[in-house]
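Each chain, letter by letter, is given below.
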Amino acid sequence: MRAPTRQHPRGPEASQGRSQGRGPARCHGNRAPSPSAHARSEGGRMRSGWGGPDGCHGDGVALRGRSAAAAMSSERGPALPFLPGCAFRDPTKTSFHRSQTLGYKNGFAFSRLPTVGIGGERLYVNQLSQAELDELSNTRPTLTYGQARQAPPSGFIPAHVAFDKKILKFDAYFQEDVPLSTEEHYRIRQVGIYYYLEDDSICVIEPVVKNSGIPQGKLIRRHRVPKNDRGEHYHWKDLNRGMDITMYGRTYHIVDCDPFTQAFLESQGIELNQPEKMVFDPYTEMRRMPLRMYITPSDFDQLKQFLTYDKQVLRFYAMWDDTNSMFGENRPYIIHYYLADDTVEVREVHKPNDGRDPFPVLIKRQRLPKTFVEKQKTFPSCVLEISDQEVLEWYTAKDFAVGKSTTLLGRNFFIYDCDEFTRNFYRDRFGITDFQPVEIKEKPPEEVPQVIPPYNGYGFLEDSLQNCFSLFPKPPRKDIIKMLENDHKVLRYQVALESPNPEDRKRRFILSYFLSDDMISIYEPPVRNSGIIGGKYLGKTRIAKPGSTTDNAIYYGPSDFTIGSTIEVFGHRFVITDADEYVLNYMESNAERFPAATLQSLRDHLRPRQVVEETAKSDVPALGTSQQELDELIVRVQEELKLHNYLNNSSIREALLRCDKDGSGVLDKAKFLSLCNSLSVPTNAVLVNKLIDLCSCGEDKINYRDFLRAFPS
């Protein structure tokens, strides 16, 4: 017997039947509970119908002992948890039988409500509450008709009696894949879903078809089917028409139900969906024998056609235009139409040295379909043989004409001429007299503009550009004569990095220009205690000017390297501050190849250095320099110092005047040089170094007043 504690949602009768039990209980008799047990049960309330499946036998004693302990704990306080090892028995309770709910009187069976529970404890579920007792005690009889009588409670009907043989039946189907068959891809199997209202169990039965080769019958035995992983089961509230239900990994689609099921669900307030049509298995429907069709035989005599037109062939000259596809072209073909059996053959016309394999037949002799029957969904997309059932119309002689196009097995052929026999046949058979041949002109090849992709920065531009011209790129050509004439000829320049960081402004680099291949390399001489690791800054490469494109790349050359000019190298800007004397000598020897401005810039920069070196070699002291030459040198120093925008002339002047405490205008040379280095004055420049030498008053003194003329306030 099922435990009566579960509430049933079908109605008050079923709920009452389940709460009170479904059959006679087994016990040892109608022994009354002991007074002590009855007194102990007054403090707590127990649920009606509590008990094990075997009454008072077996292990139900321990379970009922726990219920008694739970009732006692309600008045004593918190009790022990109901865990294994923590249960205990009440030693004072000796009777554990359950009250009878069925009895006999005068030979007739009747039902009665239990008043006491297991062990003789009083039940408050079936008794009147204190509020109802108070209402009855305070109710006064009316003067006219008396107190209204209440309807007696309905008789108790157990659930297995109320819903016995009441089954809900749903029509459904599921789809099953057939992976190892060429004739069917899936299979539709119709089933019936039966729901038993008595115990909420479900079974699925598939009708057995004779010689089906499929195990059919009961697919799911009758039991409560789990709904999810939380322990819930399917209920009749979860079933409806037009929905999918998944049981044990298989999805069933419910299409309809029987009238009893529809009436029961509508009585419970469930709105049913519209019924659907049952889906049938396509393979089973296809296997059914079709109705016999009676077709009247045709009066066309194929033997007469063969004897009349044997060895008579129509010849057409056609062109297949395949220029729209990749590597396509216009190719000539000959179409043969055999009048004896209405077959067509297409042969390719080969030319000497056309580069094609000698396969003369493009389409072998066969009947060619013109119009197909509308294909069904189950018809395979690729067939090896085409019968008369799949074709509505075949190609005949009337489908070929000069000046028209025809499609044969997906290829479009344009007929431009035919032979004399074909002309006579069409003139006698169809009355056609226009056989003017169409002149075929070959289309000139379309010129495809060559689009050069942008330079990606890898390798040299000329070397990477060869990948766009040929599938197997060749190395770019080099000027061998220029490489031999200018071998080991290098122009060297001193450059300074133009940067907002003061640490980078002091860095000096050597820019080398190789005349043999027009490449540039940059090297930074290491400086002790500078915190910067010197060495190779840029390897040999060609540097394009800003604004140059891949199609028209312009590179830096010796004509662009003037004193004070800026060179942009991959986002870094360098200012040319000095050059080697070999640069001036090379440009003077090849003056026709370089601009006059570049040559004059080098002359103006290197000539004072040569004068200083010549003066140093001679015994004439530097102080004998004229005032005009000193003024010219100061002007040139000012032009060079304009490149160093970070110099603060006022701070340099104030620092020198502050060191000259006696106001003599002469400072110690070592102290002067250390002060200039602290103020970032470029004393290592050639012109600045020459000005310091001109302002020197011996070996250890310097007249700083003449030097300050180069730093106007």
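Residues numbered from 1 in each chain as written. Predicted model: local features only at pLDDT ≥ 70, side-chain atom pairs only at ≥ 80, totals over all residues. Heavy atoms only, no water.

**A short note on the overall build of the chain**
Right, so step 1: The secondary structure content of the chain amounts to 19 helices and 24 strands.
Right, so step 2: Looking at the chain residue by residue over its 713 residues, the buried ones come to 33%.
Right, so step 3: Counting contacts in the chain only where the partners sit at least 6 residues apart, residues at least 24 apart contribute 53% of the total.
Right, so step 4: Only carbon and sulfur atoms are counted for the fraction: they give 53% of the accessible area of the chain, which is about 47,100 Å². (Helix = DSSP H or I, 4+ residues; strand = E, 2+ residues; numbered from the N terminus. Buried < 20%, exposed > 50% of the residue type's maximum accessible area, 1.4 Å probe, protein only. Contact = heavy atoms within 4.5 Å. Areas by Shrake-Rupley, 256 points an atom, 1.4 Å probe, with all protein chains shown as cover.)

**Overview of the nonpolar core**
Right, so step 1: Of all hydrophobic cores here, the largest spans 27 residues; its most connected members are Tyr493 and Phe561.
Right, so step 2: For this core, the secondary-structure elements that each account for two or more residues are strand S17 (490–497), strand S18 (508–514), strand S19 (519–524), strand S21 (566–569), strand S22 (572–579), helix H13 (581–589) and helix H14 (596–617).
Right, so step 3: Those residues within four positions of Tyr493 in sequence are excluded, and the remaining contacts are Phe509, Ile510, Leu511, Pro558, Phe561, Ile576, Asp578, Ala579, Val583 and Met587. (Core = buried A, V, L, I, M, F, W, Y, C linked by side-chain atoms within 4.5 Å.)

**Some points on the pairing of S19**
Right, so step 1: Of all six residues in S19, five are buried, a share of seventy percent or more.
Right, so step 2: With five bridges joining them, S18 and S19 adopt antiparallel strand pairing. Looking across to S19, one finds that Ser512 is bridged to Ser521.
Right, so step 3: What sits between the antiparallel neighbours S18 and S19 is a turn of four residues, in which Asp518 has the positive phi angle 60 degrees. (Pairing = 2+ DSSP bridges.)

**Some remarks on a nonpolar patch on the surface**
Right, so step 1: The grouping of Leu128, Leu133 and Leu136 at the surface amounts to a nonpolar patch, some 300 Å² of accessible area in total.
Right, so step 2: Relative to the helices and strands, Leu136 is located in helix H4 (residues 130–138).
Right, so step 3: With a relative accessible area of 59%, Leu136 lands in the exposed category. (Patch = residues over 30% accessible without salt bridge, like charges linked within 9 Å, V, L, I, M, F, W, Y side chains within 5 Å. Salt bridge = Lys/Arg side-chain N within 4 Å of Asp/Glu carboxyl O.)

**Here's the deal with the packing of aromatic side chains**
Right, so step 1: Following the criterion strictly, the structure yields 22 aromatic pairs and no others.
Right, so step 2: Counting every residue linked through ring pairs, the aromatic cluster contains Tyr309, Phe316, Tyr337, Tyr395, Phe400, Phe425, Tyr426 and Phe430.
Right, so step 3: Lying across the ring of Tyr338, Arg365 places its NZ or CZ 3.8 Å from the centre.
Right, so step 4: Over the aromatic face of Trp394 sits the side chain of Arg367, whose NZ or CZ is 4.3 Å from the ring centroid. (Phe/Tyr/Trp six-rings, centres within 6.5 Å; stacked < 30°, edge-to-face > 60°. Lys NZ or Arg CZ within 6 Å of the ring centre and 35° of its normal.)

**As for the sheet that holds strand S8 (residues 250–257)**
Right, so step 1: Pairing in this open sheet of six strands is antiparallel, and the strands run S6-S5-S4-S3-S8-S7 from one edge to the other. The open sheet terminates on both sides in strands that have one partner only, identified here as strand S6 (217–223) and strand S7 (244–247). Neighbour to neighbour, the strand axes of the sheet diverge by 30 degrees on average, direction disregarded.
Right, so step 2: Two elements, strand S3 (residues 167–177) and S8, share four bridges in a ladder whose sense is antiparallel. Considered in S8, the bridge of Asp171 is made with Asp256.
Right, so step 3: In the packing of helix H6 (residues 259–267) onto the sheet, contacts are made with S3 and S8, and the angle to S3 comes to roughly 110 degrees. (Axes fitted to C-alpha atoms, helices over the stretch in contact; angles between N-to-C directions.)

**Description of the environment of Thr246**
Right, so step 1: One can find Thr246 in strand S7.
Right, so step 2: Expressed as a C-alpha distance, the spacing of Thr246 and Asn228, which sit 18 residues apart in the sequence, is 9.9 Å.
Right, so step 3: Those residues in contact with Thr246 that lie beyond four places of it in its chain are Tyr234 and Thr251.
Right, so step 4: Of the polar contacts made by the side chain of Thr246, one reaches the side chain of Thr251; its length is 3.3 Å. (Polar contact = N/O pair within 3.5 Å; in protein donor to acceptor, adjacent residues only side chain to side chain.)

**A short note on the sheet that holds S19**
Right, so step 1: Spatial strand order, S20-S19-S18-S17-S22-S21: six strands in an open sheet with antiparallel pairing. Looking along the sheet, the strands with just one partner apiece sit at the ends: strand S20 (535–541) and S21. Sheet twist, expressed as the average angle between the axes of neighbouring strands with direction ignored, equals 30 degrees.
Right, so step 2: Summarising the sheet, S17 and S18 pair through seven bridges and their orientation is antiparallel. Bridge pairing in S18 places Tyr493 opposite Leu511.
Right, so step 3: Sitting on the sheet, H13 is in contact with S17 and S22, with an inclination near 130 degrees to S17.

**Quick notes on the pairing of strand S10 (residues 330–338)**
Right, so step 1: With eight of its nine residues buried, S10 lies for the most part within the structure.
Right, so step 2: Strand direction decides the pairing type here: strand S9 (residues 313–321) and S10, joined by nine bridges, are antiparallel. Each residue of the ladder has a partner; that of Leu314, found in S10, is Tyr337.
Right, so step 3: Counted between consecutive antiparallel strands, the loop separating S10 from strand S11 (residues 343–348) contains four residues, among which Asp342 sits at a positive phi close to 60 degrees.

**Focus: the confidence of the model for the chain**
Right, so step 1: When pLDDT is averaged along the chain, the result is 78, and 79% of the positions lie at 70 or above.
Right, so step 2: Counting contacts from residues 1–77, a segment whose pLDDT is below 50, to residues more than four positions away or on other chains yields 127 contacts.
Right, so step 3: Across residues 616–625, confidence stays below pLDDT 50; counting only partners more than four residues off in sequence or on other chains, it has six contacts. (pLDDT = per-residue confidence, 0-100.)

**Observations regarding the side chain of Gln305**
Right, so step 1: With respect to the helices, strands and loops of the structure, Gln305 is situated in helix H8 (residues 302–309).
Right, so step 2: Among the residues examined, Gln305 registers a relative accessible area of 12% and is labelled buried.
Right, so step 3: Among the polar contacts made by the side chain of Gln305, one reaches the main-chain carbonyl oxygen of Leu339 at a distance of 3.0 Å.

**So, unusual backbone geometry**
Right, so step 1: Phi is positive for Asp200, which is not a glycine, with a value near 60 degrees.
Right, so step 2: The residue Asp200 is located in the loop between strand S4 (186–196) and strand S5 (201–206) in this model.
Right, so step 3: For Asp518, which is not a glycine, the phi torsion comes out positive at approximately 60 degrees.
Right, so step 4: Relative to the helices and strands, Asp518 resides in the loop between S18 and S19.

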